[in-house]
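# Observations on chain architecture
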Amino acid sequence: MLRNHLKIALRNLIRNKAHSFINITGLSAGMAITMLIGLWIWDELSFDKYHQHYNTIAQVMQSQTINDEVRSQVQVPIPLGEELRMTYGSEFKRVVMSSVTESHILAAGENKFVKTGNYMEAGAPDLFALKMLKGTGKSLNDPASILLSQSTAALLFGNTDPINKTLKFDDEQSLTVTGIYEDLPRNTTLNNLLFIVPWKLMPKLEKNLQNWGNNGWQIYVQMADNVDVDKASLKIRDAKLNKDNSEERFKPAIFLHPMSRWHLYSEFKNGVNTGGRIQYVWLFGIIGLFVLLLACINFMILSTARSEKRAKEVGIRKAIGSLRTQLIYQFFSESLLVAFISFIFSLLLVFLLLPFFNEVAGKKLFILWANPVFWITGIGFSLISGIIAGSYPALYLSGFQPVKVLKGTFKAGRLAAVPRRVLVVLQFAVSVILIIGTIVVFRQIQYARSRPVGYSRDGLINIKNLTPDIYQHFAAFREDLIRTGAVTEAAESSAPVTESNNEQSNFDWQGRDVNSNNQGFATVGVSKEYGKTIGWHFVDGRDYQTGPEGADALAFVVNESAAKLMGFKNPVGETVRWMGYTFHIIGVAKDMVMQSPFDPALPTIFYMAPWKVNVLNIRINPAANAADALKKIEQVYKQYNPGQPFEYKFASDEYARKFDVEERVGKLTTFFSILAIFISCLGLFGMASFMAEQCTKEIGIRKVLGASVLNVWGLLSREFVMLVLAALLIATPLAYYFMHSWLQRYQYRADLSWWIFFAAAAGALLITILTVSYQSIKAALMDPVQSLKTE
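Okay, so let's go over this structure.

Cut-offs used in this document
Residues numbered from 1 in each chain as written. Predicted model: local features only at pLDDT ≥ 70, side-chain atom pairs only at ≥ 80, totals over all residues. Heavy atoms only, no water. Helix = DSSP H or I, 4+ residues; strand = E, 2+ residues; numbered from the N terminus. Buried < 20%, exposed > 50% of the residue type's maximum accessible area, 1.4 Å probe, protein only. Patch = residues over 30% accessible without salt bridge, like charges linked within 9 Å, V, L, I, M, F, W, Y side chains within 5 Å. Areas by Shrake-Rupley, 256 points an atom, 1.4 Å probe, with all protein chains shown as cover. Salt bridge = Lys/Arg side-chain N within 4 Å of Asp/Glu carboxyl O. Lys, Arg positive; Asp, Glu negative; His and termini not counted. Charge placed at Lys NZ, Arg CZ, Asp CG, Glu CD. Phe/Tyr/Trp six-rings, centres within 6.5 Å; stacked < 30°, edge-to-face > 60°. Lys NZ or Arg CZ within 6 Å of the ring centre and 35° of its normal.

Locating Lys-112 in the fold gives a position in strand E5 (residues 111-120). Lys-112 gets classed as buried once you look at its relative accessible area, which sits at 17%. In sequence terms Lys-112 and Leu-167 are 55 residues apart; their C-alpha atoms lie 9.6 Å from each other.

This brings us to a positive patch on the surface. Taken together, Arg-186, Lys-364, Arg-664 and Lys-667 make up a surface patch of like positive charges. Following the sequence through the fold, Arg-186 ends up in the loop between strand E9 (173-181) and strand E10 (195-198). Under the relative-accessibility criterion, Arg-186 is labelled partly exposed at 45%.

Scanning the model with the defined rule gives 18 salt bridges in all. A salt bridge links Arg-483 to Asp-480, with the shortest nitrogen-to-oxygen separation between them at 2.5 Å. In this pair, Arg-483 and Asp-480 are both assigned in helix H15 (residues 474-483), 3 residues apart and thus about one turn of the helix distant. Looking at Arg-483, the relative accessible area reads 60%, which means it is exposed. Ionic contacts of the salt-bridge type, sharing partners, join the residues Asp-43, Glu-44, Arg-277 and Lys-363 into one network.

Here we come to unusual backbone geometry. With a phi angle near 75 degrees, Asp-48 is a residue other than glycine that sits in the positive phi range. In this model, Asn-226 sits at a positive phi of 65 degrees, which is unusual for a non-glycine residue. Inspection of the secondary structure assignment puts Asn-226 in the loop between strand E11 (218-223) and helix H7 (229-236). Residue Asn-226 is classed as exposed on the basis of its relative accessible area, which comes to 84%.

What follows concerns the packing of aromatic side chains. Considering all chains together, one arrives at 39 aromatic pairs under this definition. Ring geometry for Tyr-737 and Phe-738: centres 5.5 Å apart, planes at 65 degrees, overall edge-to-face. Exposure remark for Phe-738: the relative accessible area of 44% places this residue in the partly exposed category. Just above the ring of Tyr-265 sits the side chain of Arg-261; from NZ or CZ to the centre is 4.0 Å. When the ring centre of Tyr-748 is taken as origin, the NZ or CZ atom of Arg-451, which lies over that ring, is 4.3 Å away.

So, in structure tokens, the structure goes:
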């Protein structure tokens, strides 16, 4: 019987080629999109699961009240590690101190590279269960050792065995390679851990062992057996962060952030974990299901629309003894066959689209051919899709009464078209919501991009990790750069213009609000040429003098937000006490966007750095060719740093990366929207074809009676336009609600303008008219004599 059902189903597919093509194409596209989204979600949900102790690893974080806002951060003081071991040791199996991930220079012979890594305690390899290919993680107890990732070792030493080989670290220390570990996969938080240096080598470690006020390090823990991370987090919440209570005004609170939440729940707002990328997992998951639903709806629409075509078949089958259940099985066989064929084509589509999808999504996804879960899920989706798509047609068509059908008195009735109309409205409502969402996302990105940044990005580059050769001879180095004609100015700073990596709070000034004793400021150490190099703009006062050394050594330049926070009406000339010295404010610069372009600028203080800084800022001469200028800069750079890699970053590129997440969301939403509209249009095209076929005789009579092509076109198009208008009435308030909620996560955000909804509505109507017009005009141009001969 099954064989008979499949044979008949195959014959029906072949006989109705256009109908079959639309169904298979629509379902294939829907399945392919759902499969791509499924692979993306799989990658997101499996983040960090590479680590064996995934479920028991956590990071120690702290919350502080700064500028009347509770801020959560991963940076903690070094003494906290020992405090956790001594006071709360029963809660943890391991407590590991670590630096933040930074770039350092690794050199072996002629091979010299800048790589990212961490200073870590010896327990780190066991904590993260690094797969040691050679050597052992315990070798980090030796302060002259270093562990390398497999790829880093290959770059430095080629095919030779790197164990016990010596390399130069930051051109200062000679370290022995004592272990090689497998490269961490892309979907891990620590994927840029390309080397590990012993914690004992940390610069100024001794000085900070008892310094509770310096929050510049990280602590990772592994929970003890049978210890709940949430309960342990509550226990350590009141751990003393400062023995002399000098930082108590910030109301510090310690807590644990489990590894299982690092990636998807990384955002904190006012001390509360508000989510993160999990919102995109839900968003794309819902989009995937809706796109698949759209494809299934197409099948339902076209199958029920052709009900009268198959009415006689149902009548004859019932007349010769077929049961309704047998007919239901027959129609389900047809839908499942279409679903199976569509699944095969969807695999081909995914294979072809995956490179493009990876580029847009910033991933390295691949089809999980050897994973049973992939096949079970894929086949399961096909079955579900086939059952959903075939359910209504099977139940509807199998209910026809044979007497009425065979006597020719069967009429589908006015209500028969209602389900089809409802499905079309649902299709376009989803499509319009996606269109509006896409416009809003890109408008928000453009709104933030057009925000004044307070400096000039064009032609500005930065080089990190300055060596003593540059720092100690900076004046000569700068003069040599300018002499080439490729550079107009150069300066040093403690951070690039696109970052703010240090925050201080121990400032005091006359009139400071003693009831709000927790003001925090971002601080940036600079050289006197900094302002001219980056091109900042002043609203009051002046820049640093470029005269004799020592001029303006105790002077601050503050941004507008810092001046406002201090409460100065006329900031220039006011004095501020910091680190035992009295500074005077010489200028107020416009707020610079140094962090997220979607957030307000941080109150920032710039000071003349009396110690080594690690960023070189260079302004390329706008009259010079950029490529030639970079070659000249490299030549001078190599004179002072022979053999060191010349690695630079354009400020414009670094600023553009701040939009990566939003841009990827926008591109993915656009991709899904286009395919959702394509699937919806396939359904409209199929319905328009069927209606034109059903109305062939009516159109012929109308033309004989004098109807114009425009009249016939309006007759066939009017219903579809009305359905899309109904979809717009449903989609507009829903889209407004969802996108308004999405925009609230940004403090610097665009408005939801009326034209966005108008443009989406106009676009949906235009697409509808174009889709149905082909069939409508084709039917209207048909010779009425031929139309009337059809029956």
